[in-house]
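Architecture and fold: a report
One letter stands for each residue in the lines below.
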Amino acid sequence: MTFSARSLPDTPLVSASAPLPPSVDPVRLLAAYPRAARIYLSEPARQLTIAAVGVAVALEATGPRRLSTLDALRRATPLPPDALWLGGWAFSDAAPGGAWRGFPSALLHAPRLAAIRTGSEGRLVALAARPASATAMLAEGRAALEACPPHASPRPRAWSLRAASPPDTWERRVARTLEDIAAGRLAKLVLARAVHLAADAPFDPLRTLERLEAAPAEATIFAIGRGDLTFLGATPERLVRVQGDRLETVALAGTTRRTGLPALDARLGDTLRASAKERAEHAFVVDDVRRRLAPLTTHIEAPLAPELVGVGDLQHLRTPFVATLRAGRTLLEAAAALHPTPAVCGLPQPAALTVLRRRERLARGWYTGGIGWLDARGDGEFVVPLRCALVRGRSATLFAGAGIVAGSDPARELEETRLKLRPLLAALLEW
């Protein structure tokens, strides 16, 4: 295992803050600093939005204990009460390569400037090594927000879409997975697909975020930018949330389409609930989440039957968990215990990871990893990046996956991935 702590300050960082006017959208901070490191998180259902640029201090780690390493470095680097840690990690504990170059295996950074809005209240927070520097950064940020012009860019008019692997190749991988399941080598495997999108004009990450925000969905909208790369999407899956000793997580598995017609959607939802295959896939995740939480928590509560949740064009089976975090345990410890969940990997996990490495033929990078925030107390939330894309200039790679269990049909699983790709494809192309 290797790890690094970059730009660790010799003295504690200090902050300066000011109210963020209700008329100022936090996403404008990203537009005002287009070349800075940037991160965006928005939960419309909770009316929480965070937009941040620049790096006051950064922590990076790799290897099997990367999240524990980040946690130790975070505890050794105190922040002012109004500051945040932001970041995430890749699916694999190795450093991503290829198209993901520039994204570390695991990262937490405290931004130089953050615009944070909760409900009708907002604030702009600057972070620096000295009070005078923090005050100057705050003034610069306020001026940049006021001077930032309305966002505008050309919309793609022509585009092409190409699967990273031909659909029939992916279906054959599903068929081989079903053979592994029938032989008892696996209980479940989540196979991902990627499609490459190219257009005649650069994709606009900020406008894509705005379109994702406007879509009615119970999802977390996210983006993280490193250089000319932006990883963004709208995910329905929370990995873990901690506030004090209260821990919340969710099991999400089992999918059907959603049409917007209430009567038809109700019938589709009833069929999903009644499907033995979908219920079995969901039960794998529920049982595994409960097992992983047991050493870290007490009083684990979850409903006996899953609920239906609608996200864009899809409906899912979801089981929420609430538990009490044991004394001394942390959010990142819980994240390390839960990642990767059976909803993005499979069961049993060691065998699933081994099969994925040789069968999937896909650089997942931060897709199905984690992304989120922590405050100075250690409270915060991380989500699993799903329904997402890696964007650079006029090209984008979109990701989606499907859980393969006994009873899965290769053609239907392929169609499920297409359904999952459509909302982000529409946001990028502005359909």
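Residues numbered from 1 in each chain as written. Predicted model: local features only at pLDDT ≥ 70, side-chain atom pairs only at ≥ 80, totals over all residues. Heavy atoms only, no water.

Overview of the overall build of the chain
In terms of regular secondary structure, the chain is built from 10 helices and 23 strands. Taken against the 2.2 N^0.38 rule, which gives 22 Å for 431 residues, the C-alpha radius of gyration of the chain at 21 Å falls within 12% of a compact globule. Here the chain holds 431 residues, and 55% of them are scored as buried. Counting contacts in the chain only where the partners sit at least 6 residues apart, residues at least 24 apart contribute 76% of the total. Working note: accessible area of the chain is about 18000 Å², and carbon and sulfur atoms make up 54% of it. The positive charge centre, built from 55 side chains, and the negative charge centre, built from 42, are 4 Å apart in the chain. (Helix = DSSP H or I, 4+ residues; strand = E, 2+ residues; numbered from the N terminus. Rg over C-alpha atoms; globule rule 2.2 N^0.38 Å. Buried < 20%, exposed > 50% of the residue type's maximum accessible area, 1.4 Å probe, protein only. Contact = heavy atoms within 4.5 Å. Areas by Shrake-Rupley, 256 points an atom, 1.4 Å probe, with all protein chains shown as cover. Lys, Arg positive; Asp, Glu negative; His and termini not counted. Charge placed at Lys NZ, Arg CZ, Asp CG, Glu CD.)

Some details on the packing of aromatic side chains
In the structure shown here, the tally under the stated rule is seven aromatic pairs. Taken together, the ring pairs connect Trp100, Phe103, Phe222, Phe231, Trp366, Tyr367 and Phe399 into an aromatic cluster. Positioned over the ring face of Phe91 is Arg364, at 4.3 Å from the centre of the ring. (Phe/Tyr/Trp six-rings, centres within 6.5 Å; stacked < 30°, edge-to-face > 60°. Lys NZ or Arg CZ within 6 Å of the ring centre and 35° of its normal.)

Observations concerning the pairing of strand S13 (residues 229–235)
By the criterion of burial, S13 is predominantly enclosed, with seven of the seven residues buried. Here strand S12 (residues 220–226) folds back onto S13, and the loop between the two strands holds two residues, one of which, Gly227, carries a positive phi near 65°. Pairing geometry for S13 and strand S22 (residues 388–392), over four bridges, is antiparallel. Each residue of the ladder has a partner; that of Leu232, found in S22, is Ala389. (Pairing = 2+ DSSP bridges.)

A few points about unusual backbone geometry
Along the chain, His339 connects to Pro340 via a cis peptide bond; the corresponding omega equals -10°. Checked against the element boundaries, Pro340 lands in the loop between helix H8 (331–338) and strand S19 (346–347). Residue Leu347 is joined to Pro348 through a cis peptide bond whose omega torsion reads -10°. One non-glycine residue, Thr368, lies in the positive phi region at around 65°. Mapped onto the elements, Thr368 comes out in the loop between helix H9 (349–359) and strand S20 (370–375). The backbone phi angle of Arg387 is positive, close to 50°, even though this residue is not glycine. Within the fold, Arg387 resides in the loop between strand S21 (380–383) and S22.

Digging into the environment of Glu413
Relative to the helices and strands, Glu413 resides in helix H10 (residues 410–429). Beyond its immediate stretch of four places on either side in the chain, Glu413 contacts Trp170, Lys277, Ala402, Gly403, Ile404 and Ser408.

Thoughts on the side chain of His339
Positionally, His339 belongs in the loop between H8 and S19. Among the polar contacts listed, one links the side chain of His339 to the backbone oxygen of Phe91, at a separation of 3.1 Å. (Polar contact = N/O pair within 3.5 Å; in protein donor to acceptor, adjacent residues only side chain to side chain.)

Regarding the confidence of the model for the chain
Mean pLDDT for the chain: 91, with 96% of residues reaching 70 or above. Ranking the elements of the chain by mean pLDDT puts strand S1 (residues 3–6) last with 47 and strand S6 (residues 84–89) first with 98. (pLDDT = per-residue confidence, 0-100.)

Looking at a nonpolar patch on the surface
Taken together, Trp159, Leu161 and Trp431 make up a surface patch of nonpolar side chains, about 340 Å² in accessible area. Tracing the backbone shows Trp431 in the segment after H10. Accessibility expressed as a relative area gives 52% for Trp431, which makes it exposed. (Patch = residues over 30% accessible without salt bridge, like charges linked within 9 Å, V, L, I, M, F, W, Y side chains within 5 Å. Salt bridge = Lys/Arg side-chain N within 4 Å of Asp/Glu carboxyl O.)

Re the pairing of strand S8 (residues 113–118)
Of all the six residues making up S8, five are buried; the element is thus mostly covered by neighbouring parts of the structure. Direction of pairing for strand S4 (residues 48–53) relative to S8: antiparallel, over a ladder of six bridges. Note on S8: the bridge partner recorded for Ala52 is Ala114. For S8 and strand S9 (residues 121–128), the ladder comprises six bridges, and the chain directions are antiparallel. Bridging across to S9, Ile116 finds its partner in Arg123. Two successive antiparallel strands, S8 and S9, enclose a turn made up of two residues, where Gly119 displays a positive phi of approximately 65°.

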